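Secondary and tertiary structure notes
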There are 2 protein chains.
Amino acid sequence: MLSLRPTDTGQRQFHSYMLGAIAPRPIAFVSTIDQSGNPNVSPFSFFNAMGTNPPILVFSPSRSGRTGKTKNTYDNILEVPEAVVNVVTVSMVHQASLASGEYPKGVNEFEKAGFTQLPSELVRPFRVKESPVQMECKIRDTVETGKGGGAGIIVIAEILLIHLEETILGTDGLIDPDKIQLAGRMGSDFYCNASGTSLFRIPQPGPVLGIGIDALPDQIRTSSYLTGKHLAQLASVNSLPEYFDNASIKKNIAPLGYIKKGKIPVNREKQFYRKIIRLLDEGNTTGAWKFILKTLPDEN
Amino acid sequence: MLSLRPTDTGQRQFHSYMLGAIAPRPIAFVSTIDQSGNPNVSPFSFFNAMGTNPPILVFSPSRSGRTGKTKNTYDNILEVPEAVVNVVTVSMVHQASLASGEYPKGVNEFEKAGFTQLPSELVRPFRVKESPVQMECKIRDTVETGKGGGAGIIVIAEILLIHLEETILGTDGLIDPDKIQLAGRMGSDFYCNASGTSLFRIPQPGPVLGIGIDALPDQIRTSSYLTGKHLAQLASVNSLPEYFDNASIKKNIAPLGYIKKGKIPVNREKQFYRKIIRLLDEGNTTGAWKFILKTLPDEN
């Protein structure tokens, strides 16, 4: 393993490791305005939500790595502490990248990048008409984390009003990732298309907790057939008794103790785990557990 | 368009819009320790880099939406202001999700989620052995943005030491997205695989700026054949003269003025744009410009 201190590593190299490791990053296409009314729009991938009550975003218009100078976005925010944060879709991202060039103050990046200015309702900066989600924000605070080239400036913004295109919503009323088709930022000149075949689902833990991998039967937990993914799926159930079909087992035996003792004969192992893997890869955790509990020999 | 104020919208619904729109999000698998030495590890997708000099991260262990209580991660940071931020790969993400359950203080999520504790060099919290990038951090500050359920707590961390598995590096020494295979967080129970066919590249603007879409010839800029992506590619070149083969044109005519006057006859338009689109989709912007400049009639 490579172990590097930022102080012993070239800043450019350390920067590239950070961008390659902290990914995929959402992209904020941030619209601001100076006190004379000149609009600016620029993309930032040092960006995320930080909380939902109140709804808080952060993004960082870092100092230029080359010159140490602040960007127009930050200068504008000091003059007019408002912003519209627009999301960036795959179809917009080439244009948004064009706007990331540091054009001189006064140049309108909406025009340079071919986007349309849409007046906001609660703040002075314009919305980006082509973006399917536009968040009107007031700036709550800014935190400068350094003064050199590449130093971050944390802009803390509160969402006052969110605009959503109806076309990005699924039948359940939620944003459908295949309809919004967001672009994410990776290291180097890579981007990521966060839709289609790149998507997968993991059922989220509720208020009742998973039993945990440490609670799995030893034989299963240490099996060379199963990956961490399979173990995590088996360990995500809230309790085991619900998976018992056999009422006598349910009544008479402490379930975890029971399956901890069970032992599949070596000559049946391969077949046993192949079926469990198939069921888990289909997302059928309940089926996998039922099969395990049916197959493990009853020691009664 | 739907326009919603947070105050007029149910918190759960507003939360779901934020998670669906601000994506894909990188995942911090944050290891902390309390003053008695009990370890904790939990994933947070409200996370990103904020600057590289010094290297700064933020993440938010938000208050529970259900109870308003703070999480063990934050409580630990108040006791021991250190953390290891580990990245989350596709092969780790099911296990990391298991650790996102709010197990009681004192329960070791490393064991629950089947991960291995690795001692750090400069801080007390453990690294996650299975993660290919582990960042040892000191906490510089925390900012509570509210006190209710779902309120964000911005933890500002500085990286002291980064550990990288050599296996994730490409031949150029940079992190290869297809080798690290990071997972990103989307809305609802969706995740995104940030590698393979989901990746694409956009050449990054350098210190010399693109000419901009507003500087494109009117006929091209307003063509119904080209998308914003194609226009952005054409507009990303730094200047046009470098694309001229014809020395006489290069010498005698102001390039932008020249191509602004050029006009493709309507009966050749479809063929003309089809070829431009093919070249641009292949990433051959230079070829597309050469073809445009060769084809546009010479008005000399």
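What you see is a predicted model, and the numbers here were worked out from it, not measured in a lab. (Residues numbered from 1 in each chain as written. Chains lettered and ligands numbered in written order. Predicted model: local features only at pLDDT ≥ 70, side-chain atom pairs only at ≥ 80, totals over all residues. Heavy atoms only, no water.)

1. Side note on the relation of the copies chain B and chain A
The cut-off we apply is this: Here the copies are matched by least squares. The fit uses the C-alpha atoms of residues with pLDDT of at least 70 in both. Contact between two residues is taken to exist if any of their heavy atoms lie within 4.5 Å; hydrogens are not considered.
The operation relating chain B to chain A is a screw motion whose rotation component is 180°, with 0.0 Å of axial translation and a residual RMSD of 0.0 Å. On the angle and the small slide along the axis, the relation comes out as a two-fold axis. Of all interface residues in chain B, 100% are interface residues in chain A too; the two copies therefore contact each other through one and the same surface.

2. So, the pairing of strand β3 (residues 39-44) of chain A
All names here are of chain A. How we decide: In this scheme, a residue with accessible area under 20% of its type's maximum is buried, one over 50% is exposed, and one in between is partly exposed, where area comes from a 1.4 Å probe on protein chains only. Only runs of H or I of at least four residues qualify as helices and only runs of E of at least two qualify as strands under DSSP, and these elements are numbered from the N terminus. In short, DSSP must find at least two bridges between two strands for them to pair.
Where burial is concerned, most of β3 is hidden: 6 out of the 6 residues are buried. Where burial is concerned, the two faces of β3 agree: the one with P39, V41 and P43 and the one with N40, S42 and F44 are both buried. Alignment of strand β2 (residues 28-33) against β3, held across 6 bridges, turns out to be antiparallel. Of the residues in β3, the one forming a bridge with I33 is P39.

3. Brief notes about the domain arrangement of chain A
Stated formally: As used throughout, domain bounds are those supplied by an automatic or database domain assignment.
One can read the domain layout of chain A as domain 1 (6-196) and domain 2 (213-295). Computed from C-alpha coordinates alone, the two centres of domain 1 of chain A and domain 2 of chain A are separated by 46 Å.

4. Notes on the sheet that holds strand β13 (residues 199-201) of chain A
Keep this limit in mind: Note on geometry: axes are C-alpha line fits, over the in-contact stretch for helices, and angles between N-to-C directions span 0 to 180 degrees.
Sheet architecture is open: 3 strands sit in the order β13(A)-β12(B)-β11(B), paired in antiparallel fashion. Edge positions in the open sheet fall to β13 of chain A together with β11 (183-185) of chain B, since each of these has one partner strand only. Across the sheet, the mean angle from the axis of one strand to that of its neighbour is 35°, orientation sign disregarded. Strand direction decides the pairing type here: β13(A) and strand β12 (residues 190-193) of chain B, joined by 3 bridges, are antiparallel.

5. Examining the packing of aromatic side chains
Residue and element names in this part refer to chain A. The cut-off we apply is this: Each Phe, Tyr or Trp ring, with Trp reduced to its six-membered ring, pairs with another whose centre is within 6.5 Å; inter-plane angles below 30 degrees give stacked pairs, above 60 give edge-to-face pairs, and intermediate values give tilted ones. We call a charge positioned above a ring when the Lys NZ or Arg CZ atom is no farther than 6 Å from the ring centre and deviates by at most 35 degrees from the ring normal.
For the structure on display, the rule yields 14 aromatic pairs over all chains. Between the aromatic rings of F110 and F126, the centroid separation amounts to 6.4 Å while the plane-to-plane angle is 80°, which identifies the pairing as edge-to-face. Note that F110 is positioned in helix α4 (residues 109-112) and F126 in the loop between β7 (117-118) and β8 (127-128), a separation of 16 residues in sequence. An angle of 75° between the planes, with centres 5.0 Å apart, marks the rings of F272 and Y273 as edge-to-face. Comparing F272 with Y273 shows no difference in burial state: the two are buried. In this structure an aromatic cluster arises from ring pairing among Y225, F272, Y273 and F291. One Lys or Arg, R185, reaches over the ring of Y191 and ends 4.3 Å from the middle of that ring.

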